[in-house]
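Report on the structure
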Amino acid sequence: MPFPFDISLIIDSLPLLGIGAMVTIEITAVAVALGTLIGLFVGIAELSRYWYFRIPSKIYVDFIRGTPLLVQIFIIYFALPIILGVRVEPFVAAVAACSINSGAYVAEIFRAGIQSIDKGQMEAGRSLGMSWGQTMIHIVIPQAFRRIIPQLGNEFIAMLKDSSLVSVIGFEELTRKGQLIIASTYGSLEIWTAVAIIYLIMTLSITRFVAFLEKRFK
């Protein structure tokens, strides 16, 4: 009995899967970019001497890291419209949930990176007449950023894979495209294999790029 694997089905489905892959990359890039901004400010707030910055940021990080991304997607897409009284578009819900989720993890990455910099760097900046903020921007954060490039790369890869969860609200990224193709062709083995290979190609590409950046900024 021949092995039931139809290569032609994969070839025919590649255009749609390619579109889904591009959407996955788009939502991941936007989410990690916004998450990096959120994480930078929250990470700094976690190190603040002022409790009204430190405590809310800690609560945010603990809540987001302690709850599943899937639940966060459901809250934004299904629960938030009840509060606001307006419908939230799937793209907006997907980006918002992924960005907020990524921000919590990036905040911990930045916090650890900043704490790894010798305190003498801050003292040196202040002795040169710089303010605390200027010292952070010009001296501490650039050094910390070079150290956390691998961790940020890992977060990008994790978010790339976790973005498949937004398929549950009908957002047509790579995983959802695969589901729709299977619904019309019944080619589960072929399509899921193709989807897995595409994810693998994307994650390996990001891994190589991060390794290049790490070597470049070392």
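I will try to describe carefully the structure that is included in this document.

Reading the values: the criteria
- Residues numbered from 1 in each chain as written.
- Predicted model: local features only at pLDDT ≥ 70, side-chain atom pairs only at ≥ 80, totals over all residues.
- Heavy atoms only, no water.
- Helix = DSSP H or I, 4+ residues; strand = E, 2+ residues; numbered from the N terminus.
- Buried < 20%, exposed > 50% of the residue type's maximum accessible area, 1.4 Å probe, protein only.
- Contact = heavy atoms within 4.5 Å.
- Phe/Tyr/Trp six-rings, centres within 6.5 Å; stacked < 30°, edge-to-face > 60°.
- Salt bridge = Lys/Arg side-chain N within 4 Å of Asp/Glu carboxyl O.
- Patch = residues over 30% accessible without salt bridge, like charges linked within 9 Å, V, L, I, M, F, W, Y side chains within 5 Å.
- Areas by Shrake-Rupley, 256 points an atom, 1.4 Å probe, with all protein chains shown as cover.

Before going further, it helps to examine the environment of Ile-141. Take Ile-141: it is sitting in helix α6 (residues 132–162). For Ile-141, a relative accessible area of 17% translates into the label buried. For the pair Ile-141 and Asp-12, spaced 129 residues apart in sequence, the C-alpha to C-alpha distance is 48 Å. Residue contacts for Ile-141: discarding those within four places in its chain leaves Leu-40, Ile-44 and Met-136.

Further remarks concern the packing of aromatic side chains. Taken as a whole, this structure holds seven aromatic pairs when the rule is applied. Taking the centre distance of 5.8 Å and the plane angle of 40° together, the rings of Phe-91 and Phe-171 count as tilted. Here the residue Phe-91 occupies a position in helix α4 (residues 90–115), and Phe-171 occupies one in the loop between α6 and α7 (174–185), the gap between them amounting to 80 residues. Three or more aromatic residues joined by ring pairs make a cluster, and in this case those are Tyr-50, Trp-51, Tyr-52 and Phe-53.

Counting across every chain of the model gives four salt bridges. Put simply, Glu-108 and Arg-111 hold a salt bridge, and the shortest N to O gap is 3.1 Å. In this pair, Glu-108 and Arg-111 are both assigned in helix α4, three residues apart and thus about one turn of the helix distant. On the basis of relative accessible area, Arg-111 is assigned to the partly exposed category, the value being 23%. Across the salt bridge formed by Glu-172 and Lys-177, the nearest N and O atoms sit 3.1 Å from each other. What makes Glu-172 partly exposed here is its relative accessible area of 37%. Its relative accessible area of 13% is what places Lys-177 among the buried residues.

Turning to a nonpolar patch on the surface, a few remarks are in order. Together, Tyr-50, Trp-51, Tyr-52, Phe-53, Ile-55 and Ile-59 make up a nonpolar patch on the protein surface, roughly 690 Å² of accessible area in all. By the element assignment, Ile-55 lies in helix α2 (residues 51–66). Owing to a relative accessible area of 42%, Ile-55 belongs among the partly exposed residues under this scheme.

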